[in-house]
Amino acid sequence: MMRKLFRTATISAFAAAAMSASLLSQAQDKQFIAIGTGGPTGVYFQVGQAVCQMVHAEAAEGRKEGMKHGIRCSAPSTGGSTYNIGQIAQGELDFGVAQADWQFHAVNCSKEDKVTCFKDLRAVFSVHPEPYHVIAAEGSGIQSWNDLEGKRFNIGNPGSGQRGTTEELISGHGWSMDKFGQTTELTSTEQSSALCDGKIDAYGYTVGVPNAGVSVATDGCDAYIVDLGDDSAAQALVDEHAYYSWATIPAGTYKTTDKDTTTFGVRATFVTSADVPDDVVYAVTKAVFENIDTFRRLHPAFANLKPETMISAALSAPLHAGAKKYYKEKGWL
Ligand code: GLU
């Protein structure tokens, strides 16, 4: 059964009588939202915590000075992009973080075997860039995609954006899974320790830079990021799809990144459903953009967030009406 999205706190007549008028209005306005993220060591999890922190800051300020909104927010760890979109479609989550490629395919129903077809998907804003990383174990000898032949490669858990994008790259090379020695479906939290423990030779991961999960492998056991600058399938993905572009992971990002590393990538986006009420999306959008300096400080991957990019780049689903209202008020649209 579908969870009811917004639960307006109901209060009994007895309790109401005991409450002051202001407490009463706060209780009546209380709403709970859930934001789908990714693995706990990734950047999506940090996006969710940051958005909730900004939403709650406005609610706390409201308690002192006249309520801005009564939204309470949680951002649990999830399987990632395509899981989040599927759960938003079912009304189980209200918002989620998702890679731009899977936002595109969901709203256009263009990869129904990989992501739920959901025409009511709505964009709110885009967030940080996410380069696609092939991370290889020290001593594995992997210097290019072709070197993955016969190796043990983690393609990611079903529901993750990394899984979908890895499959795009695999088919872009004309490969099937049996080209690898073995494929595993470990989560983003499991893959780095599996690499350091010698259980896999490499993994593919679409993620913001820097992040704690990758550093477990690079700083922990000298794993390194493979340069895909000459990769023909990456080139084709960038040439054929607006949501992919070239990306550079700068020298010095991790212990083993001794030179700028080229790969392709997407952007992370923040999405919702047309069914989520306009006032809720408006309040969340406003909380984020009125506190953008706080947002930038909460994780190094957010340091360069710019409103003009966030409201335009990588958004293939229509903007939600609540977000649009805020952007129009600001004169940004
Ligand atoms: N891009 C990844 C995915 O969609 C998640 C990355 C992260 O957790 O930061 O599964």
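Residues numbered from 1 in each chain as written. Predicted model: local features only at pLDDT ≥ 70, side-chain atom pairs only at ≥ 80, totals over all residues. Heavy atoms only, no water.

### A short note on the packing of aromatic side chains
Point 1. Counted according to the given criterion, the structure contains 21 aromatic pairs.
Point 2. Relative to tyrosine 327, the ring of tyrosine 326 lies with its centre 6.1 Å away and its plane at 70°, an arrangement referred to as edge-to-face.
Point 3. An aromatic cluster is present here, built from Phe95, Phe125, Phe270, Tyr282, Phe289, Tyr326, Tyr327 and Trp332 joined pairwise through their rings.
Point 4. Stacked on the ring of tryptophan 175, the Lys or Arg lysine 179 has its end atom at 5.2 Å from the ring centre.
Point 5. Cation over ring: lysine 325 sits above tyrosine 282, and NZ or CZ is 4.1 Å from the ring centre. (Phe/Tyr/Trp six-rings, centres within 6.5 Å; stacked < 30°, edge-to-face > 60°. Lys NZ or Arg CZ within 6 Å of the ring centre and 35° of its normal.)

### Some points on the layout of surface pockets
Point 1. Of the volumes computed, that of the largest pocket is approximately 300 Å³.
Point 2. Taken together, the elements giving at least two residues each to the lining of the largest pocket come down to strand S4 (121–136), strand S9 (245–249) and helix H12 (307–310).
Point 3. The dominant element in the lining of the largest pocket, judged by the number of residues it contributes, is S4, at 4 residues.
Point 4. Taken together, the residues of the lining of the largest pocket break down into 11 nonpolar, 5 polar and 2 charged.
Point 5. For the second largest pocket, the lining is made up of 23 residues, of which Gly38, Gly39, Gly79, Gly80 and Ser188 are closest to its centre.
Point 6. Of all elements in the fold, only helix H3 (44–65), helix H6 (161–172), helix H7 (188–196) and strand S7 (202–206) reach the threshold of two or more residues within the lining of the second largest pocket.
Point 7. Looking at side-chain class alone, the lining of the second largest pocket contains 6 nonpolar, 16 polar and 1 charged residues. (1 Å grid on protein atoms, 1.4 Å probe; cavity = no way out; pocket = protein on both sides within 12 Å on 5 of 7 lines; lining within 4 Å. Points joined across faces, edges and corners; volume = space filled by probe spheres on them. Helix = DSSP H or I, 4+ residues; strand = E, 2+ residues; numbered from the N terminus. Nonpolar A, V, L, I, M, F, W, Y, C, P; charged D, E, K, R; others polar.)

### Section: unusual backbone geometry
Point 1. In this structure, proline 210 follows valine 209 across a cis peptide bond, with omega equal to -10°.
Point 2. For proline 210, the location among the structural elements is in the loop between S7 and helix H8 (212–221).
Point 3. With phi around 60°, aspartate 222 is a residue other than glycine that occupies positive phi space.
Point 4. Tracing the backbone through its elements, the reader meets aspartate 222 in the loop between H8 and strand S8 (224–225).
Point 5. Residues other than glycine seldom take positive phi values, yet alanine 314 does so here, at roughly 65°.
Point 6. Along the chain, alanine 314 turns up in the loop between H12 and helix H13 (321–329).

### A closer look at the state of the cysteines
Point 1. Applying the stated criterion to the full structure yields 3 disulfides.
Point 2. Covalently, cysteine 52 is tied to cysteine 73 through a disulfide, its sulfur atoms 2.1 Å apart. Taking the torsion about the S-S bond as the criterion, the cysteine 52 to cysteine 73 disulfide, at about -70°, is left-handed. Linking cysteine 52 in helix H3 with cysteine 73 in strand S2 (residues 71–74), this pair joins segments that are 21 residues apart in sequence.
Point 3. Overall, the relative accessible area of 4% leaves cysteine 52 in the buried class. (Disulfide = S-S within 2.5 Å. Buried < 20%, exposed > 50% of the residue type's maximum accessible area, 1.4 Å probe, protein only.)

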